[in-house]
Each structure stands twice: as C-alpha cells, then as structure tokens.
Amino acid sequence: MPVPPEIEARVGELREQVAYHRDRYFVEDAPEISDAEFDELYRELEQLEAEFPELVTPDSPTQQVGGAAASTFAPVEHVIPMLSLDNAFTLEDLLAWGKRIERQVSDPVAFVCEPKMDGLAISLLYEQGQLVRAATRGNGFTGEDVTANVRTIKSVPRKLKGEAVPERLEVRGEVFMPLAAFEGLNRRQGEAGARLFANPRNAAAGSLRQKDPSITASRALDIFCYQPGVKEGGPRLRTHWETLDWLRDLGFPVNPRIERFEWLDDVYAFSESMLEHRHDLGYEVDGVVVKVDDLGQREELGATSKAPRWAIAYKFPPEEKTTKLLKIMVSIGRTGRATPFAQMEPVFVGGSTVQMASLHNQDEVARRDVREGDTVIVRKAGDVIPEVVGPVVAKRKKNARRWKFPKQCPACGQPLVRVEGEAATNCVNVDCPNQRWGRIVHFAAAMEIDGLGEERVRQFIEAGLLADAGDLYSLTVEKLVPLERIGERSAQLLVDNVEKSKAQSLVRLLVALGINNVGPAAAQDLARELGHLDRIASASQEELVAVDGVGPILAQSVQEFFARPRNLEVIEKLRKAGVNFEGPVRATVPEEEQTLAGLTVVLTGGLERFSRDEAQAEIEARGGKVTSSVSKKTSYVVAGENPGTKLAKAEQLGVTVLDEDALVKLLETGQV
Ligand code: I6G
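Summarised in this report is the structure supplied together with it. (Residues numbered from 1 in each chain as written. Predicted model: local features only at pLDDT ≥ 70, side-chain atom pairs only at ≥ 80, totals over all residues. Heavy atoms only, no water.)

Points about the packing of aromatic side chains
Phase 1: What the rule picks out here adds up to 10 aromatic pairs.
Phase 2: Aromatic side chains Phe224 and Tyr283 sit 5.9 Å apart centroid to centroid with 75 degrees between the ring planes, which places their arrangement in the edge-to-face category. Of the two residues, Phe224 is situated in strand S8 (residues 222-232) and Tyr283 in the loop between helix H9 (264-276) and strand S10 (285-292); the sequence distance between them amounts to 59 residues.
Phase 3: In this structure Phe224 comes out as buried when scored by relative accessible area, which is 14%.
Phase 4: Considering the side-chain rings of Phe443 and Tyr473, the 6.4 Å spacing of their centres and the 85 degrees angle between planes classify their relative orientation as edge-to-face. Separated by 30 residues along the polypeptide, Phe443 in helix H12 (residues 433-446) and Tyr473 in the loop between helix H13 (454-462) and helix H14 (477-480) bring together distant segments of the chain. No difference in accessibility class separates Phe443 from Tyr473, as the two residues are buried.
Phase 5: Chaining the aromatic ring pairs together yields one cluster made of Phe176, Phe224 and Tyr283. (Phe/Tyr/Trp six-rings, centres within 6.5 Å; stacked < 30°, edge-to-face > 60°. Helix = DSSP H or I, 4+ residues; strand = E, 2+ residues; numbered from the N terminus. Buried < 20%, exposed > 50% of the residue type's maximum accessible area, 1.4 Å probe, protein only.)

Some details on the site of the ligand
Phase 1: Every residue lining the ligand is accounted for by Leu83, Leu85, Glu114, Glu174, Tyr226, Val289, Lys291 and Trp310.
Phase 2: In this structure, an oxygen atom belonging to the ligand sits 2.7 Å away from a side-chain N or O atom of Glu114.
Phase 3: For the ligand, whose free accessible area comes to 360 Å², the fraction covered by protein is 85%.
Phase 4: Here the residues of the shell around the ligand sort into 5 nonpolar, no polar and 3 charged. (Near = heavy atom within 4 Å. Polar contact = N/O pair within 3.5 Å; in protein donor to acceptor, adjacent residues only side chain to side chain. Areas by Shrake-Rupley, 256 points an atom, 1.4 Å probe, with all protein chains shown as cover. Nonpolar A, V, L, I, M, F, W, Y, C, P; charged D, E, K, R; others polar.)

Comments concerning the pattern of salt bridges
A side chain with one charge can pair with a side chain of the opposite charge if their charged atoms come near.
Phase 1: For the structure on display, the rule yields 35 salt bridges.
Phase 2: When the shortest N-O distance is used, the salt bridge between Asp369 and Arg402 registers 3.6 Å. Here Arg402 lies in the loop between strand S16 (385-391) and strand S17 (416-418) and Asp369 lies in the loop between helix H11 (362-368) and strand S15 (375-381), a separation of 33 residues in the sequence.
Phase 3: Accessibility expressed as a relative area gives 17% for Asp369, which makes it buried.
Phase 4: In this structure, Asp525 engages Arg528 in a salt bridge whose closest nitrogen and oxygen atoms are separated by 3.2 Å. (Salt bridge = Lys/Arg side-chain N within 4 Å of Asp/Glu carboxyl O.)

Digging into the sheet that holds strand S5 (residues 130-136)
Phase 1: Spatially, 4 strands are ordered S5-S4-S7-S8 in an open sheet, and the strand pairing comes out antiparallel. With one partner strand each, in any of the chains shown, S5 and S8 form the two edges of the open sheet. Strand-to-strand twist in this sheet, taken as the mean axis angle between neighbours without regard to direction, amounts to 25 degrees.
Phase 2: Taken together, the 8 bridges between strand S4 (residues 120-127) and strand S7 (residues 168-176) define a ladder with antiparallel strand orientation. Note on S7: the bridge partner recorded for Ser123 is Arg172.
Phase 3: Against the sheet, helix H6 (residues 200-208) touches S4 and S7, its axis set at about 40 degrees to S4. (Pairing = 2+ DSSP bridges. Axes fitted to C-alpha atoms, helices over the stretch in contact; angles between N-to-C directions. Contact = heavy atoms within 4.5 Å.)

Regarding unusual backbone geometry
Leave glycine aside and you will find that most residues have negative phi; peptide bonds, for their part, are mostly trans.
Phase 1: Residues other than glycine seldom take positive phi values, yet Gln128 does so here, at roughly 50 degrees.
Phase 2: Tracing the chain through its elements places Gln128 in the loop between S4 and S5.
Phase 3: With relative accessibility at 59%, the residue Gln128 sits in the exposed group.
Phase 4: Look at Glu448: it is not a glycine, yet its phi comes out positive at around 55 degrees.
Phase 5: Following the sequence through the fold, Glu448 ends up in the loop between H12 and H13.

Concerning helix H15 (residues 488-501)
Phase 1: Taking 1.5 Å per residue, 14 residues should reach 20 Å; H15 reaches 20 Å between its end C-alpha atoms and fits that length.
Phase 2: Where H15 is concerned, the buried positions are Ala491, Leu494, Val495, Asn497, Val498 and Ser501. The arc that holds the buried residues of H15, viewed along the axis, is 160 degrees, so those residues lie on one side. Seen from the buried face of H15, the exposed residues on the opposite side, beyond 90 degrees, are Glu488, Arg489, Leu493 and Lys500.
Phase 3: Its buried side turned inward, H15 meets H13 and H14. (Expected span 1.5 Å × (residues − 1). Arc of directions from axis to C-beta.)

Have a look at this one:
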C-alpha cells in the first residue's frame, strides 16, 4: 500500500518535534514538555514507522540510541558502553525480578540496594592514580569530554589514595546538585533576571556543560560513585559490597545509604522506606537501584544489548496530591499559541509547591473534564512538570459548569482561531502584547543577554522602549535610568550585555529569532551549510531541504518566517545595530585547493595525528563538511581507534570507511 501523504507529513513533523524536544532536554537542559508528553510523541512516531517501514530512515530519532551530545565538547567514545538499567515500575515487579534472579542462580543471592540519584551519569578515568578524563554518558556509546568542569567538583578525587592503585581505572558515578544548592542557584538566577532551572537534574546538567569551568565551580555540584568500568590492575574483587569499600578507600564518595541484604523482603522494605523518605535526603532520588552482590553470579546472569540482567532500577511512581482548581485561564505564547492552564490552591507535590499546570489545549480540557471549583488530582510528570490528572468527580459541586474555550484573546481581545484538523488554538494578531513579550524574552534568553528576564522585558514594553527584539539595541543608559528599580550601574550593565550579544553566533541568532521548528540542532545545520543569515533568508525550498537535517516542514517554516515584512523589519534593525549574521568561518585554503568541496565526512574513534577538532578544521578548510550522523548522503566515514556505532551504520548503509592514512591522502590529494 502506498504511504498516504498525510502519514508521511505527520512522520516528518514528529521527527522534527522529537529532535527539537531532545535538544531542549539534552543540549539546552531546559525541557518544554514533560517526559510523558515526549514519550507520547516518540511512541506515535514508532507506531507509524512500524506500520509503514518504508518511512524508516537512519536519521530518524527512533534509529538513534539515546540523547544527542551537545556540540560544545569533544566527543568521547566509551571503551565499555555505559549501559542503561531495566526498570521496575512497581514494588511487585521488583520482587518478581528478584525471584527470577534467585531461580536463575544456584547459590543464595545477596542484593545491594542504593538510592537512585536523579542526576547525571559520569565516567571518571584515572591513569597511574591521576584523574585524566571525565565524560558524560551521552548516548551510552559516546559522551562529552567535561574534564575541566568535573575537576572543579570538590568531592571528585584528583589523585587516588593508597598503595595498590590500578594503572588504569574508570569509575562511574552520578553527578548531582544537592537541594540546598539548587534552591540557592535558582534564587540567584531569579535575582539576576536569568532563566530558572526546572529541577536539580537540569541544573546539574547545565552546570556541567558550561564553557567556563569557573561557573561550574560556583555551582556546588557533588557526586556519588557506584561502579568501576575499565580496570587494569588493583585487587581481585569478589563482591559489589567489597568493591564499594575499595572505592571508598581510594577516595571516591560512595553513598552511605547503600545497604546489603540477604532476603528479598528486606530489599522490598528498603525500597518502600526510600519511597516514603525520598524528600528527606537533601538530594533528589527517583528510585532505588538493586544489584546482585556476587560478581561471579553477575557473570552467570550476563547482560542484554541494553542493560545488565543482574541489576534493576525500581522507579518511584509519580506523586499525586489533591487540591482545588480555582480558575482555568489561557496564556498566549510567543507564537500565538493559546494554552489553557489551571490555577490551583498551592499544593506540595514531587518536592516543590505547585499552583499552576498546563492543560495543553481545548481537547485535553474536554477529555479530563476539569471544571472551575473542582477538587483535582495533581502530579509531577517525570518529576518536572506539574500535571492535572483529572477531577475527583465525587467531590464536584452540582452547579459546576463545563469550561468553554474563550473566543477572544485575553491579551489583545482579537479572535482566537482553532487550526483546522489540529488541537491547537491561536491568537493570530502578531501585534498581541503577549506574543511580543514572549518573542523578546525568548530572544534575550537565546542571545544570553544577562539581566533581561521576563519582568524587565514587561517593564520596558510598558515604558514604550521595546516593540520588538530589534529595539533592544537602541536601549541606552539615559532611556533606562528614569524607570523604576533601575540604577545607573544596572542600566550600564544591561546596555553592556546587550552590546556583547551582538557578537553571538549565527546559530544563537537563528534560535533567538524564534522561527517555528528551528531549535539548536536545525540552527546549527542551517548556519554550517548556508553560512549567513541573508543566505538562509533568501534560500529556496530546494536549497533548504538540500541541507542535511532539514526536512520540508522545517524549510517551509524558514520560508514563511522570512516572508513576513514584520520579521524583515526586525532583521534590518539587527543589521543596523551590527549584530553578527555570519556563520562559522571556513575555508582557509585558496579556492583552487577546495579539493573536498561537496563531500560530507563523519569522524568516529580517536585519530593519532589529529585531534577531532583538527581533523574537522582540515576537512572544512578544503571545502568539505563534517557531520555528526551517518546517512546515505555521507561520502566517507573516517574510523580511528575504538570507533563507535557510526562505523556499523556506515557498513549497514554501504558508506566508504577510511582509516587515518586514507584521511591523510584525502586531505593531500582530494582522492582516496
Ligand atoms: O548504580 C547505578 C546507578 C545509576 C547504576 C547505573 C545508574 O545509571 C544511572 N547504571 C548501571 C548500568 C549500573 N548501575 C550497573
């Protein structure tokens, strides 16, 4: 059966949405939707691809192992992949797993239980007892080199203690931000008008991915280590319990709450007690990891391709509380999307006080049938974003009325329009003050203009200083000082920060403009390939879809954006102010030596004669392009030491694989 065009379009749309939200989560550390909503998008994509396998392409997010690595840090391929853990979502499932294990091994089994830290998995590598590298988990095979930042975490040993230190030792652990540090950080962020972090996990991830290690150092991160990876030398270890003692002796922080049990009943009681006391620990935990203690028994049990069979993560259920729904209101976002949300009596759930929750769209309010005055059940989905599960109907007042979506925009009074065939409703007035405010706030955040948060933008709009983001560059100390709560120093600081933002990269500028569907990954693709804002603005649909990673929906969004006179006005203001429109500088080799023009190369594994950045620079200087994922469009994959999954993908797609010597020849002659 041929694929219906609407299915093909939906698959394209889902891929772009999944890629965008992955970016928000893994690269930006600022998720916009809950884990549950993300899972829903991902599952819909998986289902459509299962139904129409001809639509599956290697670059679909379903064909990639895990989160994308942010591009700021050098990639590190893990010598032993950092597997994930299988999950148990109820205590009964946990017990059933334990019983299966007891049946599968002949001798009695002891279990080691640890609180599952809600942080960021990290690999620490020591050579001759010295910390030489720290890498994030990334997608399990390739992470990011965050050594300089990890060195600033006080509890990470730089040098191992004791006599019998192994020649080479990798230790894995979880970097986290204690709750007190998280609250302090968000307080300071709020005072500075900077973006708040959604939870300690995002704050830890954001802090670890700073370009400037002194910022990481100021963030009070901590670590608990739980497992060796590569180990060359050192004592022979027989149990996990003994291993944890050894790690402690070497100087690694190991969670003091870890316990060993010989009976499954005790594993159950430990997990139940952790669930009850999860908010009393001073850090966030999202479950309990249970492991078989005996390393011999672990060998017997082995692993699947994704996870060891000898360990399981019991994931706490989302916490639920009831509260009163006071009012349903509608907020207008920067794109004009009208989102209903619930305003509730404050309730403490999932580690923080909640009084607002998105109700997503008209259909969702109808599906849940929540009404003003209802007692509602609230939970934190993925422990991040509050969600109204539904009403407690038994407590509903007789006169409670069904809620109706307003016909007019609450901000500008213009009609709200429901998009044909979609759940979304929009305010289509581009002059709507809420849209204008949202666009400027988004621009300021993406251009990293410190001190220009939501409240300041509101104040400047009300004072008539800002009509759009282009006006930011006309702000002066003289214009700001007469406003309330702004002294000369803070006005000067703000003007300086705006000035500094003129030098931001084209990638940031593209994200800041708020073009539909253009997140950091798409912006990077556009900037890398088209190189200048004017080239992107004038590119045809064909030129846009020829860019690796850009599909027809994204191309259409870009064209629509640059067709609007109002957007062009903003761009002219930015141009006049001297904001950078140029992409990354390329081509240091003369035109006649652009021997790799038109070629796309993917690098995997370590090279001897070049660092990753050097190899990329050499290829780009000759007009070639380096991309991070292998597709049919890839000309060559260069595989060095310990190549990752990209090599397998190249072989699967029939892409030519080069070794380092062949790369050198390619650079010298343009031929392989
Ligand atoms: O003990 C652990 C804590 C957290 C883990 C673990 C983890 O991942 C976030 N992952 C694995 C694969 C193992 N232990 C063995």
